[in-house]
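Okay, here's what each chain looks like letter by letter:
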Amino acid sequence: ITPNIPEAALLLGWSEVRVSENRFDACKTLEELSGCAVLLTGGHSYVGSVEDVLCIEDKIQTFSRPIIETKNTHGTGCTLSAAIAAYLARGVALEKAVELAGDFVHAAISAARNQRLGKGSGPVEHFFAYREPSE
């Protein structure tokens, strides 16, 4: 499962602050409750970088990327989980699939950072790899 901080707080009955300040414990507790691997995504923490926490059995791994200043983050969770599933379907190990999927989402956010679509949160740029550099 791939909950973000607000979703993890809801699932655990914890405050968002508690989840954010105790991400390893939150991730491990969710893993115990769900019986599956947990990727607690850190995009809602806003502490200078985004740190995702992956918990698989007794192993905890973190993935850290710099925050990209943009409003265009709509769809990041769905994109992340779909990318993980796609990498797994290609036979990539879970830890590496999570890393590659996170890199993809980060690049998609970066590619969309200056787009202006509507008034709210815009989408990430899923097709960044197919665009010309000048676009």
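Please read all numbers here as calculations on a predicted model, not as lab measurements.

Q: Help me understand the pairing of strand S2 (residues 49-56) in this model?
A: Put simply, side chains in a regular strand alternate between the two faces of the sheet. Where strand S1 (residues 38-40) and S2 come together, 3 bridges link them in antiparallel fashion. Note that in S2 the partner of Leu 39 across the bridge is Leu 54. Strand direction decides the pairing type here: S2 and strand S3 (residues 59-66), joined by 8 bridges, are antiparallel. Bridge pairing in S3 links Val 53 to Thr 62. Between S2 and S3, which pair antiparallel and follow one another directly, the connecting turn spans 2 residues, one of which, Glu 57, has a positive phi of 55 degrees.

Q: Help me out: how do you make sense of the pattern of salt bridges in this one?
A: As enumerated under the stated definition, the model contains 7 salt bridges in all. With its nearest N and O atoms 3.0 Å apart, the salt bridge here joins Lys 28 to Glu 31. Note that Lys 28 and Glu 31 are positioned in helix H3 (residues 23-34) at a spacing of 3 residues, about one turn of the helix. With a relative accessible area of 23%, Lys 28 lands in the partly exposed category. Take Glu 31: its relative accessible area is 10%, and that puts it in the buried class.

Each value, and the rule that gives it
- Residues numbered from 1 in each chain as written.
- Predicted model: local features only at pLDDT ≥ 70, side-chain atom pairs only at ≥ 80, totals over all residues.
- Heavy atoms only, no water.
- Pairing = 2+ DSSP bridges.
- Helix = DSSP H or I, 4+ residues; strand = E, 2+ residues; numbered from the N terminus.
- Salt bridge = Lys/Arg side-chain N within 4 Å of Asp/Glu carboxyl O.
- Buried < 20%, exposed > 50% of the residue type's maximum accessible area, 1.4 Å probe, protein only.

These figures come from the coordinates and say nothing about function on their own.
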